[in-house]
Each structure stands twice: as structure tokens, then as C-alpha cells.
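# Residue-level structural notes
Take a look at the letters that make up each chain.
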Amino acid sequence: MNVPPNMGGPLPWPQWAYVPGEAGGGDADYETLDMAKALVPSAFRGYVPARHPALRYGLALNDRGYFWESQEVLEAVWAAAPQGSRERILLRACIHIANANLRLRMQRPHSAARLFGDALAELQILNSRKTAAGGDGFVESFPVAPLVALLQVTFGRPQLSKADWVALGATARSQ
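These lines cover the structure that appears in this document, whether it is placed above or below. These numbers come from a predicted model, not from an experiment. (Residues numbered from 1 in each chain as written. Predicted model: local features only at pLDDT ≥ 70, side-chain atom pairs only at ≥ 80, totals over all residues. Heavy atoms only, no water.)

## Describing the pattern of salt bridges
- Under the criterion given, the structure shown has 4 salt bridges.
- Taking the shortest distance from any N to any O, the salt bridge between Lys 37 and Glu 72 comes out at 3.3 Å. With Lys 37 in helix 1 (residues 30-37) and Glu 72 in helix 3 (residues 67-80), the pair connects residues that are 35 residues apart, well separated along the chain.
- Its relative accessible area of 26% is what places Lys 37 among the partly exposed residues.
- As a salt-bridge pair, Arg 114 and Asp 118 come within 3.4 Å of each other at their nearest N and O atoms. Of the two residues, Arg 114 and Asp 118 both sit in helix 5 (residues 109-128), 4 residues apart, roughly one turn of that helix. (Salt bridge = Lys/Arg side-chain N within 4 Å of Asp/Glu carboxyl O. Helix = DSSP H or I, 4+ residues; strand = E, 2+ residues; numbered from the N terminus. Buried < 20%, exposed > 50% of the residue type's maximum accessible area, 1.4 Å probe, protein only.)

## Focus on unusual backbone geometry
- The residue Gln 107 is not glycine, and still its phi comes out positive at about 60°.
- By secondary structure assignment, the location of Gln 107 is in the loop between helix 4 (86-105) and helix 5.

## Notes on the packing of helix 3 against helix 4
- Running from N to C, helix 3 and helix 4 point in directions that differ by 165°, and their axes come no closer than 9 Å. The pairing of helix 3 with helix 4 is recorded here as roughly antiparallel in orientation. You can see that helix 3 and helix 4 cross each other, and the crossing is left-handed. Contacts between helix 3 and helix 4 involve Phe 67, Trp 68, Ser 70, Gln 71, Leu 74, Glu 75, Val 77, Trp 78 and Ala 79 from the first element and Arg 88, Leu 91, Arg 92, Cys 94, Ile 95, Ala 98, Asn 99, Asn 101, Leu 102 and Arg 105 from the second.
- When the residues that make up the contact of helix 3 with helix 4 are grouped by side-chain class, the tally is 11 nonpolar, 4 polar and 4 charged. (Axes fitted to C-alpha atoms, helices over the stretch in contact; angles between N-to-C directions. Parallel < 35°, antiparallel > 145°, perpendicular 65-115°, else oblique. Left-handed = near helix turned anticlockwise from the far one by under 90°. Contact = heavy atoms within 4.5 Å. Nonpolar A, V, L, I, M, F, W, Y, C, P; charged D, E, K, R; others polar.)

## A closer look at the side chain of Glu 122
- Here Glu 122 lies in helix 5.
- What makes Glu 122 buried here is its relative accessible area of 13%.
- Glu 122 has contacts with Ile 89, Arg 92, Ala 93 and His 96, leaving out every residue within four places of it along the chain.

## Some points on the nonpolar core
- If you look at the biggest cluster of nonpolar residues, it comprises 53 residues, and the most contacted ones within it are Leu 90, Phe 116, Leu 123, Phe 138 and Leu 151.
- Where this core is concerned, the elements lending two or more residues are helix 1, helix 2 (53-63), helix 3, helix 4, helix 5, helix 6 (138-141) and helix 7 (144-155).
- No other element matches the 10 residues that helix 4 contributes to this core.
- Excluding anything up to four places from it in sequence, Phe 138 contacts Val 48, Pro 49, Ala 50, Leu 55, Leu 59, Glu 87, Leu 90, Leu 91 and Cys 94. (Core = buried A, V, L, I, M, F, W, Y, C linked by side-chain atoms within 4.5 Å.)

Interpretation in functional terms is not warranted from these geometric data alone.
The following block contains the structure:
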């Protein structure tokens, strides 16, 4: 059983990466994803902790090429994040990135470019919002500036390919 880094519990990786519409592909590994989603409370109070296992797992899924699965787990965390919070904005950007990475895998570069642009717009909104001083929330610990720079380079390419996917956790670890 593989355990993602910074995980508090033994969550396995999905048995396969689900790609919608892929010939011969089955359904997603919902059983594994449900284990991660079960860790998400009905609502986070005040902020989403940066070390929450479902959040870390969702970011790690993206970085291991499980883009659809990452989106699913991050959407569960987003739904529990406080309404109007900076965490919701950052999570939306991460969800857009995972979705864009999936589109690249599906060889839909124009759709991926649009989603990368949506993520960049979310991060610009995030940067315009007042920053909280310190704390162990997701937004306070995530290096937004390097992600913005990476997205600007990616989004600025004339033609995207499968190799242009964007990692989330690697950006966070490089802080």
C-alpha cells in the first residue's frame, strides 16, 4: 500500500487513473476516493488546515497523474471550506489546474488552456484579497506566487501538450 507524503492515515493510491471517454477504460476507483472524502468534515471552521489529510492527498493525486481523482477530492474539500474564504478561491484554482491537466491527457489543449487561464484568474483574485497574518491555513502555507509564475509560462505557450501539465504539491514543497 502506498501512502502519500504528509498523510496522517494509510490512504492507498487509486488502482488506475480514470480518463473520461477513454476507450476500454472502466469506471473510476470510487472506493479509494471515498476513503479520502470521508476524512473531510461537513464544514471547516474558519479555514482549511494546510495539513489536512484529504487536502494533501488531493494535491498529491494531481502530482502523481491522477488528475480526475485529484479534482474529485479537492472538490470535496472546497465544498467544506468556509463560504467566501480565500481557501475556496485557492481550491477553485487547484481544481481548475487538475481539470486542465486532465484535458491535456485527453489531448484537448484548447480546453486545458482555458482552464489554466481560469486558474490564473482565481489566483489573481486571491492576491487581491486581504492576507491573514500567519496561521496554519492552506492559503497561508501555499506558495501562490510560484504557481502564478508557472501558470503564466504555461498559459503563454502557443500550443500545449501532455507534457505541459502543472504540479501542485511540487510547487508547495519548493517554498
